[in-house]
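Each chain is listed here by its residues.
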Amino acid sequence: MSGADRRAGDGRTPASDEVLLVDGLRVGYNGAPALDGVSLVVPHGAQVAVVGPNGAGKSTLFKAIVGLLRPAAGRVLIPGRPPGDQADPVAYVPQREEVDWRFPVTVRDVVTMGRYGRLGPLKRPQPADREAVLRALGQLGIADLAGRPIGELSGGQQQRVFLARALAQEPHVLLLDEPFTGVDARAKEAVLELLAGLRAQRITVLVSTHDMETAAQRFELVALLNGRLVAFGPPADVFTPTHITAAFGGQALFLDDLVVIDQCCPGHVGDGTGHRHEHAHQPELWHEHGDGPERP
Amino acid sequence: MIDWLTEPFALEFMQRALAASLIVGVVCSVLGCFVVLRSMAFLGDALAHAILPGVAIAYLLGTNLVAGALVAALIVAFGIGFFSRGGVVREDTAIGILFAAALSLGVLLISTVRTYATDLTHILFGNVLGVTGADLWLTGALAAIVLIVLLGLYKEFVLAAFDPVLAHTLGRRPELMRALMLVLLALTIVVSLQTVGVGLVAAMLVTPAATASLLTRRLPAMMAVAALVGAVSSVTGLYVSYYLDVASGAAIVLAATVLFVAAFVFAPGRGLVWRGRLRRASA
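Residues numbered from 1 in each chain as written. Chains lettered and ligands numbered in written order. Predicted model: local features only at pLDDT ≥ 70, side-chain atom pairs only at ≥ 80, totals over all residues.

**A closer look at the overall build of chain A**
At step 1: Scanning chain A from terminus to terminus reveals nine helices and 12 strands.
At step 2: In chain A, which comprises 296 residues, the share counted as buried stands at 45%.
At step 3: Intrachain contacts of chain A at a sequence separation of at least 6 include 67% that bridge at least 24 residues. (Helix = DSSP H or I, 4+ residues; strand = E, 2+ residues; numbered from the N terminus. Buried ≥ 20, exposed ≤ 12 C-beta atoms within 10 Å, placed from the backbone. Contact = placed C-beta atoms within 7 Å.)

If you want it as structure tokens, here you go:
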């Protein structure tokens, strides 16, 4: 049973086919807004890459969408309702460093937690829940790891556990925070294949990433952030020199049809919003027209 | 040998002491698993000391010591939340301030009583040999409440402890579970008052659970092993206390510590011996 089947006929999906509305959103930590004036409408079943420099507010946007951060202004509606008020869950896969990997739980325990939203506080998981867990483990190819403690897994396996948990939620909207960071090319390709499968189920997906080549080539919509929404639309419309300069400032270097973005040391660029993320020196190269990888 | 083992428990007060120690050993150890996993050891210790003024006031008023302790523990638990809310004061700083203030207030109040030294020693380090029948019933009832709530809401406690972000996105209130955990912690400390005293209850919360974490890889198993370690420590400590005529609370805690050190050295896969062997094998 796909997510789309469950939603059909429940009467809550707005007629316009929009599933996620962000309207004039301002949100931040302790006063200073990390994001301001962000408005976007994501159509039902769309897959959106959220890109921008370190500290651009990508994670902040996700936390506002799932209701972890309360907006200082504006609103988020999924579909038509504020966060935390959905019958169908919004699944959120946090960055890997936000998880306590020493906690003594197994892969199956973690994925089963994805079902808790459907269970009352006193109710134990039912056979239908166990089936959903097995299905999600199978979809991610980690059924054989079900009994392993999460601390014993590799980085790529850990990520797949959290993706399986998100699928076990049978979500309406799926948010993945930096799923391509710190995993190898094969693990990244596995995530992209999974996303292709979700497209068929019409699950709306937002992915934050530093990987602009993937954003340009594998997503139909891109949201470019830098404390505000610089641009939102198809990759060809978003990745223009004007927008890239607006988002990355001096980090961007244009060489004919090639763009180089130096994601090291972001302190001296942008509009001075907080830079909370790790500053790995990873110059990134890609062709503006997306005609093949050209990595150093 | 059998005589040697049964002799202490021919005495009725020793039977009550055994029952009370076992209850405390088990309930502290099971709840302690969450204390260890959430790094709440300092908070547990602070709460334990913070009940001292409550006990003192109840003592001076001639009312129930347990009720006084419980009220004081709850006030301090919520006081810590109040001062550290919004990140103005760090939580460990708030704990340190309230913990010292409550302990001082307790000592100050008790120092107005003539039998000051004895009373304070009993509160700080327990007096398990003085457990009455009524005490035992109360201890058992409170321990049962703690275990029933903890096991009944087990999956909610695990969710809130492991992943408060997921709990939140699923429409749960992880901060409420944390508050409930503080209440359970306060009840457990009150239960432990007579056995190991406020000075040593933190050890019973942390040591058996830490031992179990070295020997197991899943939370249900960790809780079961912790309960066993807590029970074995309690019984061993009582025997040591009886035959060597030493303080029972301290003997129980040291018995638990010996088991922890043994696990730290010999635990399969994680102990010192094992890691040493691996290092030699790879060298």
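**With respect to the overall build of chain B**
At step 1: Along its length, chain B carries 15 helices and zero strands.
At step 2: For chain B, the C-alpha radius of gyration of 20 Å lies close to 19 Å, the compact-globule estimate for 283 residues.
At step 3: Projecting the C-alpha coordinates of chain B onto the three principal axes gives extents of approximately 65 × 60 × 35 Å.
At step 4: A fraction of 71% describes how many contacts in chain B between residues 6 or more apart in sequence connect residues 24 or more apart. (Rg over C-alpha atoms; globule rule 2.2 N^0.38 Å.)

**Some remarks on the sheet that holds strand E6 (residues 173–177) of chain A**
Residues and elements named next belong to chain A.
At step 1: Spatially, E5-E6-E7-E3-E8-E9 is the arrangement adopted by the six strands of the open sheet, whose pairing is mixed. One side of each edge strand has no neighbouring strand; the edge strands of this open sheet are strand E5 (90–93) and strand E9 (229–233). Averaged over all neighbouring strand pairs, the angle between strand axes comes to 15°, with direction disregarded.
At step 2: As judged from the four bridges shared by strand E3 (residues 47–51) and strand E7 (residues 204–208), these two strands associate in the parallel manner. (Pairing = 2+ DSSP bridges. Axes fitted to C-alpha atoms, helices over the stretch in contact; angles between N-to-C directions.)

**Some thoughts on the packing of helix H13 (residues 219–244) of chain B against helix H14 (residues 248–266) of chain B**
Residue and element names in this part refer to chain B.
At step 1: Between H13 and H14, the shortest axis-to-axis distance is 7 Å and the interhelical angle comes to 130°. When the axis of H13 is compared with that of H14, the two are oblique. Two packed elements cross with a definite hand, and for H13 against H14 that hand is right-handed. Residues Val229, Val232, Ser233, Ser234, Thr236, Gly237, Leu238, Val240 and Ser241 of H13 lie in contact with H14, whose contacting residues are Ser248, Ala251, Ile252, Ala255, Ala256 and Leu259.
At step 2: Residues that form the contact of H13 with H14 fall into these classes: nine nonpolar, six polar and no charged. (Parallel < 35°, antiparallel > 145°, perpendicular 65-115°, else oblique. Left-handed = near helix turned anticlockwise from the far one by under 90°. Nonpolar A, V, L, I, M, F, W, Y, C, P; charged D, E, K, R; others polar.)

**Some points on the interface of chain A and chain B**
At step 1: With 19 residues of chain A at the interface, the matching set in chain B holds 20 residues.
At step 2: When the residues that make up the side of chain A that touches chain B are grouped by side-chain class, the tally is 14 nonpolar, four polar and one charged.

**Examining the pairing of E5 of chain A**
All names here are of chain A.
At step 1: A two-sided burial pattern is seen for E5, the buried positions comprising Val90 and Tyr92 on one face and Ala91 and Val93 on the other.
At step 2: Where E5 and E6 come together, four bridges link them in parallel fashion. Bridging across to E6, Ala91 finds its partner in Leu174.

**Some remarks on helix H2 (residues 58–65) of chain A**
All names here are of chain A.
At step 1: Judged by how many residues are buried, H2 sits mostly within the fold: eight of eight residues are covered.
At step 2: Inspection of H2 places Lys58, Ser59, Thr60, Leu61, Phe62, Lys63, Ala64 and Ile65 among the buried residues, and these make up the whole buried set.
At step 3: Positive phi shows up at Gly67, right after H2, with a value of about 90°.

**Examining the nonpolar core**
At step 1: Membership of the largest hydrophobic core comes to 177 residues, with the highest contact counts inside it found for Leu175 of chain A together with Cys33, Leu47, Ala50, Ile51, Ala73 and Val190 of chain B.
At step 2: Per element, the largest residue contribution to this core is 14 residues, and it comes from helix H2 (residues 12–37) of chain B.
At step 3: Apart from residues no more than four positions distant in its own chain, Val190 of chain B is found in contact with Ile51, Val66, Ala69, Leu70, Ala73 and Leu142 of chain B. (Core = buried A, V, L, I, M, F, W, Y, C linked by C-beta atoms within 7 Å.)

**Comments concerning the confidence of the model for chain B**
All names here are of chain B.
At step 1: Averaged over all residues, the pLDDT of chain B equals 88, while 99% of them reach at least 70.
At step 2: Looking at the elements of chain B, mean pLDDT is at its lowest for helix H7 (residues 116–125), recorded as 78, and at its highest for H13, recorded as 95.
At step 3: Here the predicted complex carries an ipTM of 0.85, next to a pTM of 0.83. (pLDDT = per-residue confidence, 0-100.)

**Some remarks on the packing of helix H4 (residues 127–139) of chain A against helix H5 (residues 155–168) of chain A**
Residue and element names in this part refer to chain A.
At step 1: Viewed as axis vectors pointing N to C, H4 and H5 meet at an angle of 135°, and their least axial separation amounts to 8 Å. Comparing the axis directions of H4 and H5 gives the class oblique. Like other packed secondary-structure pairs, H4 and H5 cross with a definite hand, here right-handed. Residues Ala132, Val133, Ala136, Leu137 and Gln139 of H4 form the contact with H5, whose own contacting residues are Ala164, Leu167 and Ala168.

**A word on the environment of Val110 of chain A**
Residue and element names in this part refer to chain A.
At step 1: Examined against the element boundaries, Val110 turns out to sit in helix H3 (residues 107–113).
At step 2: What makes Val110 buried here is the crowd of 23 C-beta atoms within 10 Å.
At step 3: Every residue in contact with Val110, bar those within four places of it in the chain, is listed here: Val105, Ile150, Val161 and Arg165.

**Thoughts on the confidence of the model for chain A**
It should be kept in mind that the predicted coordinates are not to be read in detail where pLDDT is low.
Residues and elements named next belong to chain A.
At step 1: Model confidence for chain A is summarised by a mean pLDDT of 80, while 80% of its residues fall at 70 or above.
At step 2: Least confident of the elements in chain A is helix H1 (residues 3–7), whose mean pLDDT is 40; most confident is H3, at 96.
At step 3: A low-confidence stretch, residues 1–15 (pLDDT under 50), is modelled with 20 contacts involving residues beyond four sequence positions or located in other chains.
At step 4: The low-confidence segment residues 266–296 (pLDDT under 50) makes 64 contacts with residues lying over four places distant or belonging to another chain.

**Quick notes on the environment of Ala167 of chain B**
At step 1: Secondary-structure assignment places Ala167 of chain B in helix H10 (residues 164–169).
At step 2: Not counting residues up to four positions away in its chain, the partners in contact with Ala167 of chain B are Leu159, Ala160, Arg172 and Pro174 of chain B.

**Points about the environment of Ala231 of chain B**
Residues and elements named next belong to chain B.
At step 1: With respect to the helices and strands, Ala231 occurs in helix H13.
At step 2: The spacing of Ala231 and Ile252 is 21 residues in sequence and 9.6 Å in space, taken between C-alpha atoms.
At step 3: When residues no more than four places from it in sequence are discounted, the contact partners of Ala231 are Leu22, Gly25 and Val26.

**Some remarks on unusual backbone geometry**
Across the chain, the bulk of peptide bonds are trans and the bulk of non-glycine residues have phi less than zero.
At step 1: Unusually for a residue other than glycine, Glu178 of chain A sits at a positive phi of about 55°.
At step 2: With respect to the element layout, Glu178 of chain A can be found in the loop between E6 and helix H6 (185–200).

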